[in-house]
Amino acid sequence: MSKTKKILKGSLVVTLSLLFFFSSYSVNFFAKANDRKETINDLSEEKNIVIITDNETSTEETVNTVVEENIDPEFKDIQDKVDNTELNVSVVSPENKRDLEKSSTIAADVAVVEGNDLYKDFLKAELEGGKRVFLYGDVQAEEYKEIFELDELAVKENNGQLEFGLSEEELNKKAIENGKEVVDEKLTDDEGNEKGSLDAAESKYTSHVIGYTIDNNQKLQYVDVSINNFDENGNSIPNTKGMVLQEVLNTQTEIIDSENEPNQENNTTAASTFITTNKVQAANVRVKNKYNIVEKGYRLGLLVARMDTDWHLYKQNSEKSKKYDYFTLKPITQVTSYKGLWARSIYTDIDIPADTDHLDDWGPMGDQGTSSVSMSLGYPFSVGISMDFGENLQIDDRSSLAYDYARWQLNDGAMDLNRNISGKTFNPAAG
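As the structure is a computational prediction, the values presented were derived from the model and not from experiment.

What counts and what doesn't
- Residues numbered from 1 in each chain as written.
- Predicted model: local features only at pLDDT ≥ 70, side-chain atom pairs only at ≥ 80, totals over all residues.
- Heavy atoms only, no water.
- Helix = DSSP H or I, 4+ residues; strand = E, 2+ residues; numbered from the N terminus.
- Contact = heavy atoms within 4.5 Å.
- Areas by Shrake-Rupley, 256 points an atom, 1.4 Å probe, with all protein chains shown as cover.
- Phe/Tyr/Trp six-rings, centres within 6.5 Å; stacked < 30°, edge-to-face > 60°.
- Lys NZ or Arg CZ within 6 Å of the ring centre and 35° of its normal.
- pLDDT = per-residue confidence, 0-100.
- Core = buried A, V, L, I, M, F, W, Y, C linked by side-chain atoms within 4.5 Å.
- Buried < 20%, exposed > 50% of the residue type's maximum accessible area, 1.4 Å probe, protein only.

Draft legend 1. Summary view of the overall build of the protein. A count of helical and extended segments in the protein gives nine helices and 23 strands. Sequence-distant contacts in the protein: of pairs separated by 6 or more residues, those separated by 24 or more amount to 71%. Surface accessibility of the protein: about 18,600 Å² in total, with carbon and sulfur atoms responsible for 45%.

Draft legend 2. Local environment of the packing of aromatic side chains. What the rule picks out here adds up to eleven aromatic pairs. Consider the rings of Tyr291 and Trp311, whose centres lie 5.6 Å apart with planes at 45°: the pair is tilted. Remark: Trp311 occurs in strand E14 (residues 302-316) and Tyr291 occurs in strand E13 (residues 291-299); sequence separation between them is 20 residues. Taken together, Tyr144, Phe148, Phe164, Tyr212, Tyr222, Tyr291 and Trp311 form an aromatic cluster joined through their ring pairs. Against the face of Tyr405 rests Arg407, its NZ or CZ located 3.4 Å from the ring centre.

Draft legend 3. Quick look at the confidence of the model for the protein. Taken as a whole, the protein shows an average pLDDT of 76; of its residues, 71% reach a score of 70 or greater. A low-confidence stretch, residues 1-44 stays under pLDDT 50, and its non-local contacts, those more than four residues away or across chains, total 175 contacts. Counting contacts from residues 185-191, a segment whose pLDDT is below 50, to residues more than four positions away or on other chains yields 14 contacts.

Draft legend 4. Inspection of the nonpolar core at higher detail. Grouped together as the largest cluster of nonpolar side chains are 57 residues, with contacts concentrated most on Ile52, Leu123, Leu135, Tyr144, Phe148, Phe164 and Tyr222. It is strand E20 (residues 384-397) that provides the largest number of residues to this core, a total of five residues. Among the nonpolar cores identified, the runner-up in size contains 28 residues, and Phe75, Tyr136, Ile255 and Val294 belong to it.

Okay, structure coming up:
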């Protein structure tokens, strides 16, 4: 999943890709959901988060700065929940069993865990016991899966599952297991390069906070946050430990909020679709109850933008092809900017990596300047697309049938008008 951001002339250019080329965001469309496990954790413990570290003093100082001295108004909820004892934060060494046993959530620095088998074994046992475990630092979904020796890193719902950390080889293996033929073909261009391959610089993507629990009954079962920090000139600068821990605690506050929300899983008007058959009366599942993909943009350590993504995935059951299943993917992306900076664009990239899978249709199709979009993909996908921006914006369609990717960039229209698209939602589709 390729993601980049720049700040130019006081405006924030926010870029998002929903990129299936990398295994961190590969989707398993085939496996059926297992029986739901009983809830392991008492939800009253969800407010307790323990950060385990081999340097308690330094980490405590960082956490205290985030909680007590935070000047960023966008994270006031952390302080409020701590003051109201809705969120309890402890910093301990791995040997402190008493504090660890009282919490359903544990966070640890991935750089420390990777080189320490005791950390790995301990956290793996806690994860298998039903607790939520965050790794923070520079971490990929496939690394999370490998560290804890997970057979799958999956969110299951509605007779299907969304699985993170899959390689192309694993995707093809699952296709064969589910009776699909693997088409072993590698298309090349005139220079002999494989079609569909992306430039390494464009494709690089790193998460900074990944949290997961095997308990299917938990809200936001899988969470992935990436952070990009810039100086006043728009140049990338390193994230601070305080920023990363701030995102861990902020994610925990959002989990607490999600637990307090009314159950909306059967609300077919306001809910997002996780995996459903492509029928008018199909039940919807509220995606954000299960996972959350977030990208944060910082300027000199202060949050200036965030981007949230949900996925609507539909399966067409009327086709009985032995070679293919037919799916429609609708990524729903919203950008929000803060502190007077302006969001100027959203870039969405749906890339298809597996030899078994091919792009057939997409929309919107073609470059256009428009204030609204209303269209549908043809048979067998038959899924509608509707967007109302409220103002004229520019859609740059960069999709390719030959290379099997659907790509768009939503821009703020005429650049000299200097519009802010904060709050706008972009929801294209690929079949």
